Amino acid sequence: MVPDRKDPLPDEPTPSDAPPSYEDVAGASTTAPRAPPRDVKYAPTPGPSSPHRQSIPSSSSSRPTLSGFGNAPSSSFAGTLTSGFSSWWPSGPSREVKSTVAALIRDLVRPASNASPAAVLDSCADACRSYSIPLSSLLQENSIESHTPLYWAIVNHQASLPPNEDALLNALFSHARPLGSTACADVRHACLITSDQVLFHHLQPFLNPPSAADDMILAGGQPDTIVLTAAPGESAFAVDVQIPLFQKRMHMGRRIPLEFIARGRLWLLEFCTATYDDMGHRVRRGQWCAKLRIAPHSAPTYVDSQLVVEAQGMQPVSMRMKSYMELMPSQSIMAAIDEALQHEGSPYIRADDVLRARLEARLAKPEGECIIC
């Protein structure tokens, strides 16, 4: 006896008059069709002949695109892109303003310019401000023969004109501050070319602005002073310096730099606290010391020098600094500062709290005792 077969064989065709299954009838009346597989990119559009099929809701965020990278940017997003792009790439009018200002500045620093520096630069500042162009940055760019406008103003400065009466220099540096390191190096180079110590000292507030500690201590008071003495034809010089509030500034800021030009070289005399890198100069870490070096673009030279501090009725304090090899711009010579200058009530620090010292130097190889100029 053969049992009744309920399930058709795989190859057996389904009768055309077969009734629908229970699952098909129940699904059509109660539930939506199952979602299409994930690899199907486009959902079928329901036609009018399928009344029981529910349409698949679609949203703009999930709508596929031909590129496969999402929807096209909206107009507001494109405007944001344009705005951000123009913030670092100057627009047409901005480029024209920048070019015009650069041309005016170039003419201004030429010799025998008849223009009024203050009026021209004030107009340039107003135009740059309207287009968010920092005028100080333009004045510090190497835009004129690989140098800044500040460089050419110094090179073309008339030595017979006192620096505080040079309208061009005062206007340029007023609009250029604060100076970056590259601009400072260019200004130092120009001052070295002209060997103008008076002008170089006048520009010190721009090249070496007071530190935060010095600004709190000095509060715009008496600045450091440097007076250079150099006999013509001799390879020697002397520098008299006055440093107000010396002890307090050394305790707080730990560094007092003094720059000057002598014998065709730019020098840096620095009072500082010795670091680990200075221990090869026979000074202890943390000890107060005096350091002497030459700046870039200065010719190498032998140096035999001493720093002298005098006190009334007492033996002068002398600190010897010498180089047995030619001193290069990347090198320095130094000596420890006598303990007598570091204590409160020191006789070497006068009642006005000003340190008065004299640096005497001879540009020759040291032999025996230092020969003071």
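Residues numbered from 1 in each chain as written. Predicted model: local features only at pLDDT ≥ 70, side-chain atom pairs only at ≥ 80, totals over all residues. Heavy atoms only, no water.

Draft legend 1. Region of interest: the sheet that holds strand β6 (residues 301–311). Pairing is antiparallel in the open sheet, where five strands are placed in the order β1-β2-β9-β6-β7. The strands lining the two open edges of the sheet, one partner per strand, are β1 (225–229) and β7 (314–327). Within the sheet, the average angular offset between the axes of one strand and its neighbour, ignoring direction, is 15 degrees. Pairing geometry for β1 and strand β2 (residues 236–244), over five bridges, is antiparallel. (Pairing = 2+ DSSP bridges. Helix = DSSP H or I, 4+ residues; strand = E, 2+ residues; numbered from the N terminus. Axes fitted to C-alpha atoms, helices over the stretch in contact; angles between N-to-C directions.)

Draft legend 2. Inspection of the confidence of the model for the protein chain at higher detail. When pLDDT is averaged across the protein chain, the result is 78; 72% of the residues are at 70 or more. Note that residues 25–33 has pLDDT below 50 and, in this model, six contacts with residues that lie over four places away or in other chains. Long-range and interchain partners of residues 36–90, a stretch whose pLDDT sits below 50, account for 16 contacts in this model, where long-range means more than four residues apart. (pLDDT = per-residue confidence, 0-100. Contact = heavy atoms within 4.5 Å.)

Draft legend 3. How the structure looks around the layout of surface pockets. Each pocket or cavity is described by its volume, and for the largest pocket that value is around 580 Å³. As for the largest pocket, its lining consists of 22 residues, of which Asn208, Pro209, Pro210, Asp224 and Arg249 are closest to the centre. Listing elements by their share of the lining of the largest pocket, those giving two or more residues are α10 (204–207), α11 (212–218) and β3 (255–262). Here the lining of the largest pocket gets four residues from one element, more than from any other, and that element is β3. Residue classes in the lining of the largest pocket are distributed as eight nonpolar, eight polar and six charged. (1 Å grid on protein atoms, 1.4 Å probe; cavity = no way out; pocket = protein on both sides within 12 Å on 5 of 7 lines; lining within 4 Å. Points joined across faces, edges and corners; volume = space filled by probe spheres on them. Nonpolar A, V, L, I, M, F, W, Y, C, P; charged D, E, K, R; others polar.)

Draft legend 4. Region of interest: the pairing of β2. Where burial is concerned, most of β2 is hidden: seven out of the nine residues are buried. Following β1, the chain reverses through six residues before pairing antiparallel with β2; Gly233 in that reversal takes a positive phi of roughly 80 degrees. (Buried < 20%, exposed > 50% of the residue type's maximum accessible area, 1.4 Å probe, protein only.)

Draft legend 5. Main features of the packing of helix α4 (residues 117–130) against helix α7 (residues 167–176). At their nearest, the axes of α4 and α7 sit 9 Å apart, and the two run at 20 degrees to each other. Looking at the two axes, α4 sits roughly parallel to α7. For the pair α4 and α7, the crossing hand works out as right-handed. From α4, Pro117, Ala118, Leu121, Asp122 and Ala125 reach across to α7, where they touch Ala167, Leu168, Ala171, Leu172 and His175. Of the residues belonging to the contact of α4 with α7, the class tally is eight nonpolar, one polar and one charged. (Parallel < 35°, antiparallel > 145°, perpendicular 65-115°, else oblique. Left-handed = near helix turned anticlockwise from the far one by under 90°.)

Draft legend 6. A look at the packing of aromatic side chains. On inspection of all chains with the given rule, the structure shows six aromatic pairs. Between Tyr151 and Trp152, the ring centres sit 5.1 Å apart and the planes meet at 85 degrees, which makes this aromatic pair edge-to-face. For Tyr151, a relative accessible area of 7% gives the class buried. Judged by relative accessible area, Trp152 falls into the partly exposed class, the value being 23%. Between Phe173 and Phe206 the ring centres are 5.2 Å apart and the planes differ by 50 degrees, which places this aromatic pair in the tilted class. Within this pair, whereas Phe173 is found in helix α7, its partner Phe206 is found in helix α10, the two being separated by 33 residues in sequence. Judged on exposure class, the residue Phe173 and its partner Phe206 are both buried. By the ring-pair criterion, three or more aromatic residues cluster together here, those being Phe237, Phe260 and Trp267. (Phe/Tyr/Trp six-rings, centres within 6.5 Å; stacked < 30°, edge-to-face > 60°.)

Draft legend 7. Structural context of the pattern of salt bridges. Under the definition given, this model contains 15 salt bridges. Arg249 is the salt-bridge partner of Asp224, the closest N and O atoms lying 2.8 Å from each other. On the criterion of sequence distance, the pair formed by Asp224 in the loop between α11 and β1 and Arg249 in helix α12 (residues 246–252) is long-range, its members being 25 residues apart. Its relative accessible area of 2% is what places Arg249 among the buried residues. For the salt bridge of Arg320 with Asp304, the shortest nitrogen-to-oxygen distance reads 3.0 Å. In this pair, Arg320 sits in strand β7 while Asp304 sits in strand β6, placing the two residues 16 residues apart along the sequence. Look at Arg320 and you get partly exposed, because its relative accessible area is 25%. The class for Asp304 is buried, based on a relative accessible area of 0%. Three or more residues joined by partner-sharing salt bridges are found here, namely Asp214, Asp224 and Arg249. (Salt bridge = Lys/Arg side-chain N within 4 Å of Asp/Glu carboxyl O.)

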